[in-house]
2 protein chains.
Amino acid sequence: MKVTVLQDIMSANDQIAEKNLEVLNRYNVLAVNIMSSPGSGKTSLILATIKELRDKFRMAVVEADIASTIDADKIINEGVPAIQINTAGQCHTDANMISSALVNLPLNEIDLMFLENVGNLVCPAEFKLGLQKSIMLLSVPEGDDKPFKYPLMFSTVDAVVISKMDYFPLSDFNLEQFENAVKGMNPKVKIFKVSAKTGEGLADWIKWLESQVKEI
Amino acid sequence: MKVTVLQDIMSANDQIAEKNLEVLNRYNVLAVNIMSSPGSGKTSLILATIKELRDKFRMAVVEADIASTIDADKIINEGVPAIQINTAGQCHTDANMISSALVNLPLNEIDLMFLENVGNLVCPAEFKLGLQKSIMLLSVPEGDDKPFKYPLMFSTVDAVVISKMDYFPLSDFNLEQFENAVKGMNPKVKIFKVSAKTGEGLADWIKWLESQVKEI
């Protein structure tokens, strides 16, 4: 006899994820799952993106953290609707948390939704959420060896944003080696080099995001 | 009737953790669990510490990663015994992994052992391992708001090492605010400010570590 408990758990999550995707597509909302280590600059990228796109798209943000509402507060200060999920110790968001957030958002008034996932390079990659796109940030100070240590994350995202490029001159980050490693695992991945602080590279990221919204 | 499955899992882990502690104490080995986000500089701190203490103590390192042996290779290049644990997707080390590593180390020839845990600010804090001390690194580029987002980690470690201080002049990291937040959660915690690259602050960290080895 086969033990199937874990499989059942995963498929319950996946079922809810499928429903989330249906709901998002029905309302023509592009939802982007943003993942990274703690402190790689997810909130800063979202804030910079809101400034660039606020005249073109109606946006909303779902913030997920173990605790606190620090990030949601920053988003609301920009006049953008934000929902905070406190995961109560859980190291990732699951489909059910997203489902609860979607119920609380005015989806017919939203074109583009960001999920800022819990800061973690492992667990968030393992759970389907039903969002159309997933991206990750890797900040320059974290170093260029991360694809080998966190292969699942790097091989499943649609785009990798190298963030904090303003630290690049001080670092020994090897861009070519990093890009080769990531493309080796994930040939279709888009790679962007961005500093939310100086604005470097933001234009390419924004252009890609716009094209993704238009495809929905 | 009460469901007790999760409780059983945890106590099995805790029992093995207790045995690990007994073994370490019996051999007078001080074992330090080093935790942080990915890319905060755990390996660099360990390498710098090996250089400072190699004439005083016999050291060994247990490296834990989802995948790869990049970090263990660096340690072995320094002539220090290293064991690599590949956690096969798991976001933390558990007591049983440590137990297996201890069996494979010449404990009677070791004074000081480091565990470099999986890069993750959430899950590693939840599992008892049986190591006498636990510390975490928080690198300057990650930002000073992390204690509020990862309270369990910050409130349970013996020491916090603020790493990559060489990035401090470029950052807006508020040291006073950060230290107050951490001390508020964890009044007995030691806080060190270190750059493994420039050597800044290493002396205080080394002095503390020496005093801990001597207490064993």
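Up top is the structure these notes are about.
Remember, it's a predicted structure, so these values are computed and weren't measured experimentally.

Trainee: What should I look at first to understand the interface of chain B and chain A in this one?
Mentor: Interface size is commonly expressed as the accessible surface area that is lost when the partners come together. Counting residues at the interface gives 33 residues for chain B and 33 residues for chain A. Buried area between chain B and chain A, both sides added, is near 2,500 Å², and the carbon and sulfur share of it is 58%. In terms of surface lost to chain A, no three residues of chain B exceed B:P38, B:K149 and B:Y167, which account for 23% of the buried area on that side. Between B:D71 and A:K149 there is a salt bridge, with the nearest N and O atoms lying 2.6 Å from each other. Applying the counting rule to chain B against chain A returns 8 residue pairs in polar contact (both at pLDDT 80 or more). For the side of chain B that touches chain A, the elements supplying multiple residues, two or more each, are α3 (70-77) and α5 (146-149) of chain B. Looking at side-chain class alone, the side of chain B that touches chain A contains 15 nonpolar, 7 polar and 11 charged residues.

Trainee: Before we go on, may I ask you to explain the environment of B:D73 in this structure?
Mentor: When you line up the elements, B:D73 lands in helix α3. Sequence-wise, B:D73 and B:E210 are 137 residues apart; in three dimensions their C-alpha atoms are separated by 25 Å.

Trainee: Quick question: what am I supposed to make of the nonpolar core here?
Mentor: Most often, soluble globular proteins keep nonpolar side chains buried together rather than apart. Of all hydrophobic cores here, the largest spans 87 residues; its most connected members are A:M113, A:V160, B:M113 and B:V160. The residues touching A:M113, leaving out its near neighbours within four places in the chain, are A:V29, A:L30, A:A31, A:V32, A:A60, A:V62, A:L102, A:L105 and A:L131.

Trainee: Hey, could you run me through the pattern of salt bridges in this one?
Mentor: Between side chains of opposite charge, a pair can form as their charged atoms come close. For the coordinates displayed, the defined rule picks out 18 salt bridges over all chains. The partner of B:E78 in a salt bridge is B:R54, with the nearest N and O atoms 3.4 Å apart. With B:E78 in the loop between α3 and β3 (82-86) and B:R54 in the loop between α2 (42-53) and β2 (59-65), this residue pair connects regions lying 24 residues apart in the sequence. A relative accessible area of 21% means that B:E78 is categorised as partly exposed. The class of B:R54 is partly exposed, set by a relative accessible area of 38%. Residues B:D145 and B:K149 are paired through a salt bridge, measuring 3.5 Å at the closest nitrogen-oxygen approach. A relative accessible area of 14% places B:D145 in the buried class. Several salt bridges share partner residues, and in doing so they unite A:D71, A:K74, B:D145, B:K146 and B:K149 into one network.

Calculation rules
- Residues numbered from 1 in each chain as written.
- Chains lettered and ligands numbered in written order.
- Predicted model: local features only at pLDDT ≥ 70, side-chain atom pairs only at ≥ 80, totals over all residues.
- Heavy atoms only, no water.
- Contact = heavy atoms within 4.5 Å.
- Buried area = accessible area lost by both parts, 1.4 Å probe.
- Salt bridge = Lys/Arg side-chain N within 4 Å of Asp/Glu carboxyl O.
- Polar contact = N/O pair within 3.5 Å; in protein donor to acceptor, adjacent residues only side chain to side chain.
- Helix = DSSP H or I, 4+ residues; strand = E, 2+ residues; numbered from the N terminus.
- Nonpolar A, V, L, I, M, F, W, Y, C, P; charged D, E, K, R; others polar.
- Core = buried A, V, L, I, M, F, W, Y, C linked by side-chain atoms within 4.5 Å.
- Buried < 20%, exposed > 50% of the residue type's maximum accessible area, 1.4 Å probe, protein only.

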